Amino acid sequence: MTDFYPIRVSEVHKETKDCTSITFDIPKELQETFLYKQGQHLTIKASINGEDIRRSYSLCSSPLENKWQVAVKRINGGVFSNYANNVLKAGDVLELMPPLGSFFVETNPSVTKNYVVFAAGSGITPILSIIKTHLASEPNSTFKLFYLNRNVKSIIFKEEIEALRNMYFGRLEIFYFLTKEQRDIPLLNGRFTSEKIQELIAKILNVSTIDECFVCGPEEMIFIIRDELVNAGLSKEKVHYELFFSGVTEEDKKKAAQAVEHKFEGTEVTIIDGGKEFHFAMDDDYDNILDGALAAGADLPFACKGGVCSTCKCKVIEGTVEMKINYALEEDEVAKGLVLSCQAVPTTEKVVVDFDV
Ligand SMILES: Cc1cc2nc3c(=O)[nH]c(=O)nc-3n(C[C@H](O)[C@H](O)[C@H](O)COP(=O)(O)OP(=O)(O)OC[C@H]3O[C@@H](n4cnc5c(N)ncnc54)[C@H](O)[C@@H]3O)c2cc1C
Ligand code: FES
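Computed from a prediction, not measured in an experiment: that's the story for all the values here. (Residues numbered from 1 in each chain as written. Chains lettered and ligands numbered in written order. Predicted model: local features only at pLDDT ≥ 70, side-chain atom pairs only at ≥ 80, totals over all residues. Heavy atoms only, no water.)

Moving on: the overall build of the protein chain. Helices and strands together make up the secondary structure of the protein chain, namely 8 helices and 18 strands. Dimensions of the protein chain, computed from the C-alpha atoms along their principal axes, are close to 60 × 50 × 45 Å. For the protein chain, contacts bridging at least 24 residues in sequence account for 67% of all contacts bridging at least 6. Total accessible area computed for the protein chain in this model is approximately 16800 Å², and 49% of it derives from carbon and sulfur atoms. Separation between the mean location of the 39 positive side-chain charges and that of the 53 negative ones in the protein chain comes to 7 Å. (Helix = DSSP H or I, 4+ residues; strand = E, 2+ residues; numbered from the N terminus. Contact = heavy atoms within 4.5 Å. Areas by Shrake-Rupley, 256 points an atom, 1.4 Å probe, with all protein chains shown as cover. Lys, Arg positive; Asp, Glu negative; His and termini not counted. Charge placed at Lys NZ, Arg CZ, Asp CG, Glu CD.)

Structural data, given as structure tokens:
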């Protein structure tokens, strides 16, 4: 069942010229439903110019603040991000799905961990939540933040991040990288390339002391950072990443086409959702379970339909499916049978999937 709740916007604030934060007024009776972990995201539904729009936004607030805040960076031609930056105001009501996502590790007050976090632009949102939450709940843990922006003016949450550095003196180190402004230290100019990450590893990052690494930014940046850290000896499981958007690569297009070739025609699908069963036969017009189910009248959770947000995830109970692309689920989740229904092409005569996971 798609549980969207109408929620009032309590504050809209311009963080930079192109980024607006939105704070939600979650009523007392819904606060338990909307409990979240640092690094999770909300799915927002809005009707803009008659079109039903769904988008995911990471919470930049910390669960410890009893606050629900996101920040939306304007994208040229972007439907929701322009609406949020130019039209939305306090008092407006948006439809929200409770928080989701697995871009976090549990906090533990008795651990001493060294966290290394990388963010580019609006990728700071989940990273800020993670920093605030772990610093507050783990008194011995430390953070190194590597944060890429165009210029100083475009640094989102600069003041808040610097206040955290003062508040948790000696436990948060910040390294700003700028692409459109030159500074005296060449290492801090320009984007994260393989060479730059190797230099960071040689000069600033002692890989053997990193306990967890979180990365949020464009796809290319994520994989460069992950690969360089793994090459330097960090185990892959310690690198967590969140992708906001993916331009599908040629290789992924090929993989997707192969999955569609393996489609079984007319699969009998059973959806388990909210403890209830919904049965339908896959129509020839659709290649994935989500679209097939929506067309047959099911009400299921989804947002990006692009294999990025994981809102549509479910577990395969019977039969098999092949995912076209997957930018959202980790290897261990796939090993447990989880799939993105928006990417899941049924490959057997009968498939049963469970959304109550
Ligand atoms: C888990 C998750 C968390 C997210 N958290 C945040 C967040 O905290 N803050 C935030 O600002 N955004 C976040 N996003 C991205 C957000 O969901 C939207 O994709 C983004 O705001 C663009 O929506 P739009 O309606 O303005 O653009 P659309 O109308 O969807 O797209 C307009 C054009 O921009 C391209 N495009 C779409 N998204 C991006 C992008 N992110 N980067 C580059 N090009 C793009 C599209 O291909 C299209 O050509 C998150 C996404 C995910 C999956
Ligand atoms: S709807 Fe976003 S991954 Fe399927």
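The next subject is the layout of surface pockets. Taken as a whole, the second largest pocket holds about 740 Å³ of empty space. R226, Y241, L329, E330 and E331 are the residues nearest the centre of the second largest pocket, which is lined by 28 residues in total. Looking at the lining of the second largest pocket, its residues break down into 11 nonpolar, 6 polar and 11 charged. (1 Å grid on protein atoms, 1.4 Å probe; cavity = no way out; pocket = protein on both sides within 12 Å on 5 of 7 lines; lining within 4 Å. Points joined across faces, edges and corners; volume = space filled by probe spheres on them. Nonpolar A, V, L, I, M, F, W, Y, C, P; charged D, E, K, R; others polar.)

One open sheet accounts for 5 strands, arranged β9-β8-β7-β10-β11; its pairing is parallel. The sheet is open, and its two borders are formed by β9 (172-178) and β11 (239-242), each paired with just one other strand. In this sheet, adjacent strand axes meet at a mean angle of 15° when their direction is disregarded. Across 7 bridges, strand β7 (residues 114-120) lies against strand β8 (residues 142-149) in parallel orientation. By the bridge assignment, F118 is partnered in β8 with F146. The sheet contacts of helix α2 (residues 124-137) involve β7, β8, β9 and β10 (212-216), and relative to β8 the element is tilted by about 165°. Helix-sheet contacts for helix α3 (residues 158-167) involve β8 and β9, and the interaxial angle to β9 is about 150°. (Pairing = 2+ DSSP bridges. Axes fitted to C-alpha atoms, helices over the stretch in contact; angles between N-to-C directions.)

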